[in-house]
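# Remarks on the overall topology
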Amino acid sequence: MPLPGLLALFGSQTGTAQDAAERLGREARRRRLGCRVQALDSYPLAKETPLTTCRWDDSRGPGKAWRMPTPRVQAPTGLLPVQRFWRFIFRKNLPATSLCRLDFAVLGLGDSSYPKFNFVAKKLHRRLLQLGGSALLPVGLADDQHELGPDAAIDAWLQALWEKVLGLHPVPLDLGVIPPGVPLPSTFTLRFLPETPGPNPEEQLAAAPGPRGPPSELQPFPAPMVSNQRVTGPSHFQDVRLIEFDIEGSGLRRGKPPLPCGFRSFAAGDVVLIRPENAASSVQRFCQLLGLDPDQHFTLQPREPGTPHPPGLPRPCSVRHLVSRYLDIASVPRRSFFELLACLSPHELEREKLLELSSAQGQEELLSYCMRPRRTTLEVLCDFPHSAGAIPPDYLLDLIPQIRPRAFSVASSVLVHPLRLQILVAVVQYRTRLREPRRGLCSSWLASLDPEQGPVEVPLWVRPGVLTFPEAPGTPVIMVGPGTGVAPFRAAVQERAAQGQTGNFLFFGCRQRDQDFYWEAEWKELEEKGCLHLFTAFSREQEHKVYVQHRLREHGALVWRLLDGQGASFYLAGNAKDMPVGVSEALTSIFQEDGGLSRPEAAAYLARLQQTLRFQAETWA
C-alpha cells in the first residue's frame, strides 16, 4: 500500500526556503510519510493536487535580482524563482473551487526590517483560501531578525504541522518513527570508477559540438574574459573591478522577443548570473580532510526512481569537479548540516557537540559558533576532523548544497560595446572574530582571474532584471545609484544616449572623487554632448557627510517638474541598509515642499508611482 504523500513546494533564491522544505521532507520520511520536495516553478500546476501541500518562501529582498516596488519592501514581483507559479495562481479565471480538495500550510521566511514583512506568504495564504483550499495552520511567519533566526518560528510551525498531519495519517504501529540519530538513506550512491576515463568529460561537455541554445543555467556560455581592471584608487578601502567579457557566439544580443531560435535578448536593467568556483587550496584541503582522491572519477546512481541527476555534473564526474564547481564548501552551513553530520559521526565527543548544535536548545550556541562569525563549511569540518574523515561519499550531496549563482547588473550596452558585456564587481572582504578575514566566494574568484596571464573563460547567462526602462522616446528618467548601484544606470545611459534620448538625470554618490568615482570621464563626455545631467555627492569630502538624498532635496523643484510635469520614471539601485529609506523620505519631502501636497497626499503620490512602475528599485544587503 503506498504511503500517504505530501508535496513541499519552495520558492528560494538564498537557499533558506529550500533547506527548510528539505527538512520537512526528512521529517516526513522519519514519520513514514512520502514527501516530494520541489521548486514551485518546476511543479506542473495542472496536475491533480496531492493530499497536503506545504509552501515555503524566502522573500528576503537583499539580493540584486529582487524586484522591489518600494525601497526595502518585499513584493511578489521580485520572486523570480516563483514567477510562473505566481502568475498562474492569481489568474482571475480560476474557479473558486479549484483547490477544494487541498489541505495546505504556508510558511514565509522573511525579515521584519522590511516594511511589508512576509507580504508574499500572507498574500498567498489568502489566495489559496479564496480558491477553496483548507488551511491546516495559520500562515507561519519566520523572521531573520529574531535572536535565534528563522528557526525559532520554523520549529514551532513544524511541530504544529505534524500534530495536524499525523492526526489525519498516524504513523503505522508496525513501523514506528525512525529515530533522529539514525541517518536516512542518501539520495545518491557514488560508484567510483577503477580507471580514469579517456577524454576529460568536463572538457568534452564544455566543447561539445553542435548547435547551442541561448545561455541558461543548465547551459551557460563560456565567455572569454577580456579585461579585469581595478577601478578604485589604491588607497580606497574596497577593491572594485570592471570586468569585460566577449559574448560573440553566445546568442545574446539586444532586441525584443521573440528572437530567432538560439538567441536571447538582453538590455539595460538585466542581470548576468555567474556560478563561481571554490579556490584550489580549499579543494585540496577538503579532499585531504575527507580522504578523497581529487582525480578519481565516479558516477551517481539515484536510490529512488525518478530522482533527477544533479544539473551541471558531468557523467562520469571527477571528485575535483564536484568539489571545485558544485559543493558550496565556502558557505556558512545551516542547522541541517550539523544534524546530518551528527548522524554520520563515529566520534562520541564530536557527535555529542554536533547534536547540541543541531538541537532546538542549541540554536544560540550555533549562532555564536557559526552564523555570527560566518564560519564556513570547510572550517567546521576542520573543527570536527574525526567526523569529517568518516563521511561516506554517498552523503556529500545531501550534506553540502550546490554553489548558487551570483547576480550582477549588466553595466554596458551592446549599442556602445558590440559583442561585449561588462559588470562592476565589489570584492567582498570583511572581518569577524575569526582569524582569517571573510571573503565573498564569487567576487574573490572573479578578482583572482587574470586574462593577461592566459585565456580565461567564465560560464555565464543572462536573465531579465528588476529594472525596466521606458520605451517611449522622450520620457525622462531619474536614476539614483550610489556606489556600485550605478552599474545598471551606466548601461541605461549608454543605451538611451545611443538612441538619441537626452532626458537622463543621474544622481551618483561615493566617498571621494579621486578614489571611487566610477566612469567619471565617461559621464563628463556625455554631459558635454548634452546626453546626461549629472549630480554628485562625495560623502567624505566635507565636514558633514553628503549623500544622494541630500542632492535630491537640493534639486527638488527639478525632480518634481520631471515627475509631475513630464511623466518621468524614477529608478533606485544600491545598498539596502539606509539609502532607500533616505531617498523615499527625500521624495516625500519634495512632493510636499515643491509639489504643495500634504503629507498623506505625498505618501499617496509615491504609492501611485510605485504601483504604475514609475518608481522602481533594485537594492541588496
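Refer to the structure presented above.
Scope of this entry: the structure provided in the associated data block. Only a predicted model underlies this, so the values are computations on that prediction, with no experimental measurement involved.

Below, the discussion takes up the pattern of salt bridges. Any two side chains of opposite charge can pair, so long as their charged atoms come close to each other. Summed over all chains, the structure comprises 25 salt bridges. Here Asp155 ties to Arg335 by a salt bridge, and the two come within 2.9 Å at their closest N and O atoms. Of this pair, Asp155 sits in helix α4 (residues 151-168) while Arg335 sits in helix α8 (residues 335-344); the two residues are 180 residues apart in sequence, bridging distant segments of the chain. Each member of the pair Asp155 and Arg335 is classed as buried. Here the residues in one salt-bridge network are Arg23, Glu27, Arg31, Asp151, Asp155 and Arg335, joined through shared partners.

What follows covers the environment of Pro185. Summarising the element assignment, Pro185 is placed in the loop between α4 and β7 (188-192). Its relative accessible area of 48% is what places Pro185 among the partly exposed residues. In contact with Pro185, other than residues within four places in its own chain, are Arg29, Arg303 and Tyr395.

Okay, unusual backbone geometry next. For the bond from Arg315 to Pro316, the omega torsion is -5 degrees, close enough to zero to count as cis. Along the chain, Pro316 turns up in the loop between β13 (297-302) and β14 (317-318). A positive phi angle, near 60 degrees, is found at Leu613, a position not held by glycine. Tracing the chain through its elements places Leu613 in the loop between α21 (599-611) and β24 (615-620).

What follows deals with the nonpolar core. Across soluble globular proteins, nonpolar side chains show a tendency to be buried alongside one another. Residues Phe286, Leu322, Leu327, Phe338 and Leu396 are the most contacted members of the largest nonpolar core, which totals 40 residues. In terms of residues, this core owes the most to one element, α8, which gives six residues. Contact partners of Phe286, with chain neighbours within four places excluded, come to Leu292, Val323, Leu327, Ile329, Leu378, Leu381, Leu396 and Ile400. Residues Val240, Val486, Phe489 and Trp519 belong to the second largest nonpolar core, which totals 31 residues.

So, on to helix α1 (residues 16-30). One full turn of an α-helix is made of 3.6 residues, so residues set three or four places apart face in the same direction. Spanning 15 residues, α1 covers 21 Å between terminal C-alpha atoms, matching the ideal 21 Å at 1.5 Å per step. Most of α1 sits inside the fold, with 11 of its 15 residues counted as buried. Among the residues of α1, those classed as buried are Thr16, Ala17, Asp19, Ala20, Ala21, Arg23, Leu24, Gly25, Glu27, Ala28 and Arg30. Just downstream of α1, Arg32 is the residue with a positive phi angle, here 65 degrees.

Turning to the pairing of strand β20 (residues 477-480), a few remarks are in order. The side chains of a regular strand alternate, first on one face of the sheet and then on the other. A two-sided burial pattern is seen for β20, the buried positions comprising Val477 and Met479 on one face and Ile478 and Val480 on the other. Inspection of the sheet shows β20 paired to strand β21 (residues 504-510) by four bridges, in the parallel sense. Each bridged residue has a counterpart across the sheet, and for Val477 the counterpart in β21 is Asn504. In this fold, β20 hands off to helix α15 (residues 487-498), which returns the chain to β21; that crossover is right-handed. In the sheet, β20 pairs with strand β23 (residues 569-575) via four bridges, with the strands oriented parallel. From the neighbouring strand, Met479 faces β23, where its bridge partner is Tyr571.

With that settled, consider the packing of α8 against helix α9 (residues 348-358). It is at 8 Å that the axes of α8 and α9 come closest, and there the two elements cross at 150 degrees. Our classification of the angle between α8 and α9 gives roughly antiparallel. By crossing handedness, the relation of α8 to α9 is classed as left-handed. Of α9, the residues touching α8 (which contributes Arg335, Phe338, Glu339, Leu341 and Ala342) are Arg351, Leu354, Leu355, Leu357 and Ser358.

Our focus in this paragraph is the pairing of strand β16 (residues 420-426). The buried count for β16 comes to five of seven residues, which makes it a mostly enclosed element. By the bridge criterion, seven bridges tie strand β9 (residues 240-246) to β16 in an arrangement that is antiparallel. Considered in β16, the bridge of Glu244 is made with Gln422.

The next thing to look at is the sheet that holds strand β22 (residues 533-538). The five strands are arranged β22-β21-β20-β23-β24 in an open sheet whose pairing can be described as parallel. Looking at the sheet topology across the chains shown, the edges are occupied by β22 and β24. Shown here is a sheet whose adjacent strand axes are inclined to one another by a mean of 10 degrees, direction ignored. In terms of strand pairing, β21 meets β22 through six bridges, oriented parallel. Note on β22: the bridge partner recorded for Phe507 is Phe535. In the packing of α15 onto the sheet, the strands contacted are β20, β21, β23 and β24, and the crossing angle to β20 comes to about 155 degrees. The strands that helix α20 (residues 579-593) touches are β20, β23 and β24; relative to β23, the one it contacts most, it runs at about 150 degrees.

The rules behind these values
- Residues numbered from 1 in each chain as written.
- Predicted model: local features only at pLDDT ≥ 70, side-chain atom pairs only at ≥ 80, totals over all residues.
- Heavy atoms only, no water.
- Salt bridge = Lys/Arg side-chain N within 4 Å of Asp/Glu carboxyl O.
- Helix = DSSP H or I, 4+ residues; strand = E, 2+ residues; numbered from the N terminus.
- Buried < 20%, exposed > 50% of the residue type's maximum accessible area, 1.4 Å probe, protein only.
- Contact = heavy atoms within 4.5 Å.
- Core = buried A, V, L, I, M, F, W, Y, C linked by side-chain atoms within 4.5 Å.
- Expected span 1.5 Å × (residues − 1).
- Pairing = 2+ DSSP bridges.
- Right-handed = clockwise from strand over helix to strand, strands pointing away.
- Axes fitted to C-alpha atoms, helices over the stretch in contact; angles between N-to-C directions.
- Parallel < 35°, antiparallel > 145°, perpendicular 65-115°, else oblique.
- Left-handed = near helix turned anticlockwise from the far one by under 90°.

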